[in-house]
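Architecture at a glance
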Amino acid sequence: GAGVSQTPSNKVTEKGKYVELRCDPISGHTALYWYRQSLGQGPEFLIYFQGTGAADDSGLPNDRFFAVRPEGSVSTLKIQRTERGDSAVYLCASSLRAVNTEAFFGQGTRLTVV
Amino acid sequence: SQELEQSPQSLIVQEGKNLTINCTSSKTLYGLYWYKQKYGEGLIFLMMLQKGGEEKSHEKITAKLDEKKQQSSLHITASQPSHAGIYLCGAVTGTASKLTFGTGTRLQVTL
């Protein structure tokens, strides 16, 4: 596709449930990032992939959060035992290379945990 | 950890007026990105600055990077309603590729 695609655009889930958020990056982009944005705040870094491997997962808040990118393209962010505090917009971005290149963002997935 | 402070937090300007948004870092800037975000949407890439003293322009938006001051500024000339939104600066943290973002500046342009 022309840009970074994220699905679903909105997700409402009950506390304690498991959710998966998908990111389809721009074709050919080797670097992929996940961010989380709470209302009124800037995006906060979660995890960065270079190819298939997670090069930096220091932003994941706890072990309930996990992300994969098995074929070096599409990535899935997985959240187990969701909590109300997980409610936020989850943004995905991709860039051609990891360093000093433009990072393009998707529209985000708005996750609401009730 | 690096922190970015944006000022002002919000801004209301009349159409046709010029404005400046500042982004100040608590640490050395290795690279600075500017993005625009509309409510409920993703971030739109505006500009990337990598070197001290670098200045880039796109249409009516100009951004500068002052490495010594650990600061970047975004200037909009002759603002239009289409410029309205939230402007975010993001800094490259050291040699890592992840970005640390400021809290944003909300811009409204009145007719």
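Here is a short report on the structure shown in this document. (Residues numbered from 1 in each chain as written. Chains lettered and ligands numbered in written order. Predicted model: local features only at pLDDT ≥ 70, side-chain atom pairs only at ≥ 80, totals over all residues. Heavy atoms only, no water.)

Some details on the overall build of chain A
- Tallying secondary structure elements over chain A gives zero helices and eleven strands in all.
- Seen in sequence order, chain A has helices and strands lined up from the N terminus as β-β-β-β-β-β-β-β-β-β-β.
- Its C-alpha atoms give chain A a radius of gyration of 13 Å, within 12% of the compact-globule value 13 Å for 114 residues.
- When burial is assessed residue by residue, chain A has 46% of its 114 residues classed as buried.
- For chain A, the proportion of contacts with a sequence separation of at least 24, taken over those separated by at least 6, is 54%.
- Across chain A, the 12 positively charged side chains and the 11 negatively charged ones have centroids separated by 5 Å. (Helix = DSSP H or I, 4+ residues; strand = E, 2+ residues; numbered from the N terminus. Rg over C-alpha atoms; globule rule 2.2 N^0.38 Å. Buried < 20%, exposed > 50% of the residue type's maximum accessible area, 1.4 Å probe, protein only. Contact = heavy atoms within 4.5 Å. Lys, Arg positive; Asp, Glu negative; His and termini not counted. Charge placed at Lys NZ, Arg CZ, Asp CG, Glu CD.)

Considerations on the sheet that holds strand S1 (residues 4–7) of chain B
All names here are of chain B.
- Pairing within the open sheet is antiparallel, and its five strands lie in the order S1-S3-S8-S7-S6. Strands at the two margins of the open sheet, each flanked by one partner only, are S1 and strand S6 (55–58). Neighbouring strand axes in the sheet, compared pairwise and without regard to direction, differ in orientation by 15° on average.
- Bridge count for strand S3 (residues 19–25) against strand S8 (residues 71–76) is six bridges, and the pairing is antiparallel. Residue pairing across strands places Cys 23 opposite Ser 72, the latter belonging to S8. (Pairing = 2+ DSSP bridges. Axes fitted to C-alpha atoms, helices over the stretch in contact; angles between N-to-C directions.)

Description of the layout of surface pockets
- Roughly 470 Å³ of internal volume is contained in the largest pocket.
- Every residue lining the largest pocket is counted, 26 residues in all, and those nearest its centre are A:Gln37, A:Ser38, A:Leu39, A:Gly40 and B:Gln37.
- Put simply, the parts of the chain that give the lining of the largest pocket at least two residues each are strand S9 (88–95) and strand S11 (109–113) of chain A together with strand S9 (85–92) and strand S11 (105–110) of chain B.
- In this structure, the second largest pocket spans a volume of roughly 360 Å³. (1 Å grid on protein atoms, 1.4 Å probe; cavity = no way out; pocket = protein on both sides within 12 Å on 5 of 7 lines; lining within 4 Å. Points joined across faces, edges and corners; volume = space filled by probe spheres on them.)

Here we look at unusual backbone geometry
- Along the chain, A:Thr7 connects to A:Pro8 via a cis peptide bond; the corresponding omega equals -10°.
- Along the chain, A:Pro8 falls in the loop between strand S1 (5–7) and strand S2 (10–13).
- The omega torsion of the bond from B:Ser7 to B:Pro8 falls at -5°, within 30 degrees of zero and hence cis.
- Mapped onto the elements, B:Pro8 comes out in the loop between S1 and strand S2 (10–14).
- Its identity as a non-glycine residue notwithstanding, A:Arg81 has a phi of 45°, on the positive side.
- A:Arg81 gets classed as partly exposed once you look at its relative accessible area, which sits at 47%.
- At B:Ala78, a position not held by glycine, the phi torsion is positive, near 50°.
- Looking at the element boundaries, B:Ala78 is found in the loop between S8 and S9.

Topic: the environment of B:Gln9
Residues and elements named next belong to chain B.
- As for its position among the elements, Gln 9 is in the loop between S1 and S2.
- Separated by 98 residues in the primary sequence, Gln 9 and Leu 107 place their C-alpha atoms 8.7 Å from one another.
- Setting aside residues up to four positions removed in sequence, Gln 9 forms contacts with Gly 104, Thr 105 and Arg 106.

As for the interface of chain A and chain B
- Tallying the contact residues gives 22 residues for chain A and 18 residues for chain B.
- Summed over both sides, the interface between chain A and chain B buries roughly 1700 Å², with carbon and sulfur atoms accounting for 53% of that surface.
- At the boundary of chain A and chain B, one finds one salt bridge.
- One salt bridge in this structure joins A:Asp56 and B:Lys98, with 3.3 Å as the shortest N-O distance.
- Joining chain A to chain B, the criterion identifies six residue pairs in polar contact (both at pLDDT 80 or more).
- Per element, the largest residue contribution to the side of chain A that touches chain B is three residues, and it comes from strand S4 (residues 31–37) of chain A.
- Here the residues of the side of chain A that touches chain B sort into ten nonpolar, nine polar and three charged. (Buried area = accessible area lost by both parts, 1.4 Å probe. Salt bridge = Lys/Arg side-chain N within 4 Å of Asp/Glu carboxyl O. Polar contact = N/O pair within 3.5 Å; in protein donor to acceptor, adjacent residues only side chain to side chain. Nonpolar A, V, L, I, M, F, W, Y, C, P; charged D, E, K, R; others polar.)

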